[in-house]
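A look at the structure
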Amino acid sequence: MSIAAVRAGTVDLGLSQSMILPQISMNSVPPSYVFSRTKAHETGGSCVVFRPQGNKIGTAGNEGIVKLWTLNLNSEYKSVKVSNGPVSCLNFNTTGELMAAGDNASQIALIKIKPDLQIVEKFQGHKDIVNHCVFASEESKRLVSISQDHTMRIWDISRKTELKTSGFTSSCWALDIAKNDTRFATGHKTGEIKIWSL
């Protein structure tokens with residue numbers, strides 16, 4: 001299993017020892033060694049995510065730039081400036097053709113990765129840092145985002161509009177959506193975990 005980590009602007013790509021010692025559980029084994037490393041972001045890296053196909057890695061930094069790399073990190077594949085401040089979250093859709101990047105300025109950039117990284121839309125509506133965003137369907141027609149402004153917002157990607165806003169009593173820090181798109185879970189500053197119907 002490949003594991004990617006970003007710290008101080010440097011992206012490390014490593015292997016778990018479970019690849020070398022299969023009898024050891026992955027749950028108890030940290031990455032064993034770094035086989036690729038690069039200085040990805042001058043002012044610090046904030047996000048790292050594998051493309052679902054496993055052949056590229058997306059990274060984002062405090063300078064507001066999103067980059068797409070080859071798997072061995074030996075060459076920068078593409079890059080695009082999405083914000084004047086730090087990028088707070090980064091995610092691919094299931095086909096790996098789109099990325100969503102939320103920032104500290106409460107915006108979400110929708111990025112098409114082919115032929116070059118290109119911003120195709122910016123969603124605005126949150127009033128604080130976007131903590132997480134997830135594509136909500138296999139067809140990637142919707143995007144769900146959460147923020148420190150105590151809201152969750154659902155966006156229609158094809159129509160480029162906001163479909164729904166739900167308010168929380170506390171900041172929402174974590175979000176994930178079930179594979180069948182019928183439920184999603186949120187984690188909150190209060191320590192609560194909530195399961196919702198989408």
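As a reminder, the structure under discussion sits directly above these lines.
Below: a short report on this structure. Just so it is clear, the model here is predicted, and its values are computed rather than measured. (Residues numbered from 1 in each chain as written. Predicted model: local features only at pLDDT ≥ 70, side-chain atom pairs only at ≥ 80, totals over all residues. Heavy atoms only, no water.)

Digging into the nonpolar core
Nonpolar side chains in soluble globular proteins tend to be buried together. Of all hydrophobic cores here, the largest spans 16 residues; its most connected members are Val 66, Val 82, Leu 90, Met 99, Ala 101, Ile 111 and Leu 117. Breaking this core down by element, the ones donating at least two residues are strand 4 (45-50), strand 6 (65-70), strand 8 (87-92), strand 9 (98-103) and strand 10 (107-112). With three residues, the top contributor of residues to this core is strand 8. Those residues within four positions of Ile 111 in sequence are excluded, and the remaining contacts are Val 66, Val 80, Val 82, Glu 97, Leu 98, Met 99, Ala 101, Leu 117, Gln 118 and Ile 119. (Core = buried A, V, L, I, M, F, W, Y, C linked by side-chain atoms within 4.5 Å. Buried < 20%, exposed > 50% of the residue type's maximum accessible area, 1.4 Å probe, protein only. Helix = DSSP H or I, 4+ residues; strand = E, 2+ residues; numbered from the N terminus. Contact = heavy atoms within 4.5 Å.)

Re the packing of aromatic side chains
Enumeration over the complete set of coordinates arrives at three aromatic pairs. Taking 6.1 Å as the distance between ring centres and 10° as the angle between the ring planes, the aromatic pair formed by Phe 184 and Trp 196 counts as stacked. Remark: Trp 196 occurs in strand 18 (residues 193-197) and Phe 184 occurs in strand 17 (residues 183-188); sequence separation between them is 12 residues. Here the aromatic residues Phe 168, Phe 184 and Trp 196 are joined through ring pairs into a cluster of three or more. (Phe/Tyr/Trp six-rings, centres within 6.5 Å; stacked < 30°, edge-to-face > 60°.)

Let's talk about the pairing of strand 14 (residues 151-156)
The buried count for strand 14 comes to six of six residues, which makes it a mostly enclosed element. Side chains of strand 14 alternate between two faces, with Thr 151, Arg 153 and Trp 155 and Met 152, Ile 154 and Asp 156 buried alike. As judged from the five bridges shared by strand 13 (residues 142-147) and strand 14, these two strands associate in the antiparallel manner. Residue pairing for strand 14: Leu 143 is matched across the bridge by Trp 155. Connecting the antiparallel pair strand 13 and strand 14 is a turn made up of three residues, with His 150 showing a positive phi of about 70°. Sheet topology places strand 14 next to strand 15 (residues 161-167); six bridges connect them, and they run antiparallel. Bridge assignment links Thr 151 to a residue of strand 15, and that residue is Gly 167. (Pairing = 2+ DSSP bridges.)

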